[in-house]
Amino acid sequence: MPAASQNALFGMGNPLLDISAVVDKDFLEKYGLKTNDQILAEDKHKAMFEEIVKKFKVEYHAGGSTQNTVKVAQWMIQRPHKVATFFGCIGKDKFGEILKQKAEESHVDAHYYEQSEEPTGTCAACITGDNRSLVANLAAANCYKKDKHLDLEENWELVEKAKVFYIAGFFLTVSLESILKVAKHAAENNKIFSLNLSAPFICQFFKDALMKVMPYVDILFGNETEAAMFAQEQGFETEDIEEIAQKAQALSKVNKKRQRIVVFTQGKEGTVMAEGKDVEMFPVLKIDQSKIVDTNGAGDAFVGGFLSELVQDKTLEECVSAGHYAANVIIRHAGCTFPEKPDFP
């Protein structure tokens, strides 16, 4: 099989620095957080970012859903370096410098739009047991501008080099026009455009933006809670995850040369994949509960593993296996971090 080429995988999203800590129930209750959720920070959460640092032992990890995914993909591929490209917006500050350094260490070709109006975005990862509640303060990440970055010739050239595109649904809240420009490029050139539902609130409160992009989506990713909310908002009238996958698969599509593929993970339950009229279930790798450090980044890692094989033209079965392998590794480590090399055949 050919090795992946440089810049073959393109990701665009919200680069965030994860502030991760094991917290207690009182802390979650104080800030009105569910044990397992992803939300955007509101005014009432502002103090939380200071309190978590003061009260708990925090770790800082480079985060942001799409950035995690392309990092994991690059880690799975190993060589050449810079198979994965990443675009997003950061501030000119210490946290921004950390993100640049971490991207470089993971051999991702990151091109950040840097501005000084807003500081680099952060995400509080509040861990309890094997659950994680994520609160994202987008700040700079929300300032990404198509005309200031994506449209620039040297940046658009990287889009043209790519053959697989991946954007987390989270970016729908930031720059729909950037997503559509990339999605249309993919459809017109018969390249693969993939999107993640990312969170129930995206399916619920950003469904207009989501459905503007859906006709361009060749591969749709999501987990069981996102799939359920998506089905509810789309009026699918079913709670059966396999049926939801089929109905999402059948939604209208621009590039008729590719059938849409829908992939829904369900934590420790099997992963569902709808392709054409078929729906298949793939069991995940077994893991002893005591080996799970935290599940933050597991979904991102699954997609990273999947895309690492896709970009090397492997079969969909191999893509799912690689996704399961990567997720299994990530949950043994804090945040979306991993050992030096993968041990994947």
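Residues numbered from 1 in each chain as written. Predicted model: local features only at pLDDT ≥ 70, side-chain atom pairs only at ≥ 80, totals over all residues. Heavy atoms only, no water.

In the nomenclature of an unreviewed UniProt entry, the chain is known as Adenosine kinase of Clupea harengus. Comment text from UniProt for the chain, heading Sequence similarities (unreviewed entry), reads "Belongs to the carbohydrate kinase PfkB family." Of the chain, the UniProt comment under Pathway (unreviewed entry) reads exactly: "Purine metabolism; AMP biosynthesis via salvage pathway; AMP from adenosine: step 1/1." (UniProt positions renumbered as here; feature names shortened; annotations may be inferred.)

A. Summary view of the UniProt feature "domain: Carbohydrate kinase PfkB" (unreviewed entry) in the chain. The positions that UniProt labels "domain: Carbohydrate kinase PfkB" (unreviewed entry) are, in the present scheme, residues 27-339. The annotated region residues 27-339 carries 41% helix and 23% strand content, and the separation between its end C-alpha atoms amounts to 31 Å. (Helix = DSSP H or I, 4+ residues; strand = E, 2+ residues; numbered from the N terminus.)

B. Representation of the sheet that holds strand β5 (residues 84-91) within the structure. Taken together, nine strands build an open sheet; the order of strands is β6-β5-β1-β9-β10-β11-β12-β13-β14 and the sheet is mixed. Each of the sheet's edge strands pairs with one partner strand only, and the pair in question is β6 (109-115) and β14 (278-282). Adjacent strand axes in the sheet meet at a mean angle of 15°, parallel and antiparallel pairs treated alike. Of the pairings in the sheet, the one linking strand β1 (residues 9-12) to β5 comprises four bridges and is parallel in character. Opposite M12, over in β5, you have F87 as the bridge partner. Against the sheet, helix α10 (residues 224-234) touches β10 (192-196), β11 (219-223) and β12 (261-266), its axis set at about 110° to β11. (Pairing = 2+ DSSP bridges. Axes fitted to C-alpha atoms, helices over the stretch in contact; angles between N-to-C directions. Contact = heavy atoms within 4.5 Å.)

C. Expanded view of the side chain of N255. The topology assignment puts N255 in the loop between α11 (241-249) and β12. We classify N255 as buried; its relative accessible area is 7%. (Buried < 20%, exposed > 50% of the residue type's maximum accessible area, 1.4 Å probe, protein only.)

D. Spotlight on the sheet that holds strand β4 (residues 59-63). One open sheet accounts for five strands, arranged β3-β8-β7-β2-β4; its pairing is mixed. With partners counted over all chains shown, the strands left at the sheet margins are β3 (37-40) and β4, one partner each. Each strand of the sheet is rotated relative to its neighbour by a mean of 20°, with strand direction disregarded. With four bridges connecting them, β3 and strand β8 (residues 131-137) associate as parallel partners. Residue pairing in the sheet places Q38 in a bridge with L134 of β8. Sheet contacts for helix α3 (residues 65-77): β2 (16-22) and β4; angle to β4, the most-contacted strand, approximately 80°.

E. Main features of a negative patch on the surface. A contiguous patch of negative charge, built from E275, D278, E280, E317 and E318, is present on the exposed surface. Mapped onto the negative patch, the elements with two or more residues apiece are β14 and α13 (316-330). D278 sits in the exposed class, given a relative accessible area of 54%. (Patch = residues over 30% accessible without salt bridge, like charges linked within 9 Å, V, L, I, M, F, W, Y side chains within 5 Å. Areas by Shrake-Rupley, 256 points an atom, 1.4 Å probe, with all protein chains shown as cover. Salt bridge = Lys/Arg side-chain N within 4 Å of Asp/Glu carboxyl O. Lys, Arg positive; Asp, Glu negative; His and termini not counted. Charge placed at Lys NZ, Arg CZ, Asp CG, Glu CD.)

F. Representation of the nonpolar core within the structure. Among the nonpolar cores identified, the biggest contains 97 residues, and F193 and F306 are the most heavily contacted of them. Excluding its chain neighbours within four sequence positions, the residues that come into contact with F193 are F165, I167, I179, V182, A183, A186, V213, Y216, V217, D218 and I219. Core analysis: the second largest hydrophobic core is formed by 15 residues, F27, L28, L33 and C126 among them. (Core = buried A, V, L, I, M, F, W, Y, C linked by side-chain atoms within 4.5 Å.)

G. Structural view of the packing of α3 against helix α12 (residues 298-310). Viewed as axis vectors pointing N to C, α3 and α12 meet at an angle of 45°, and their least axial separation amounts to 7 Å. One finds that α3 runs oblique with respect to α12. Where α3 crosses over α12, the handedness of that crossing is right-handed. The segment α3 lies against α12, with S65, N68, T69, V72, A73, M76 and I77 engaging D300, A301, V303, G304, G305, L307, S308 and E309. Considered class by class, the residues forming the contact of α3 with α12 number seven nonpolar, six polar and two charged. (Parallel < 35°, antiparallel > 145°, perpendicular 65-115°, else oblique. Left-handed = near helix turned anticlockwise from the far one by under 90°. Nonpolar A, V, L, I, M, F, W, Y, C, P; charged D, E, K, R; others polar.)

H. Here's a closer look at the packing of aromatic side chains. The full count for this structure, using the stated rule, is 18 aromatic pairs. Between F221 and F306, the ring centres sit 5.1 Å apart and the planes meet at 85°, which makes this aromatic pair edge-to-face. Within this pair, whereas F221 is found in strand β11, its partner F306 is found in helix α12, the two being separated by 85 residues in sequence. In terms of burial, F221 and F306 fall into one category: buried. Counting every residue linked through ring pairs, the aromatic cluster contains W75, Y325, F338 and F344. Geometry around W156 places K181 over its ring, the cationic atom sitting 4.3 Å from the centre. (Phe/Tyr/Trp six-rings, centres within 6.5 Å; stacked < 30°, edge-to-face > 60°. Lys NZ or Arg CZ within 6 Å of the ring centre and 35° of its normal.)

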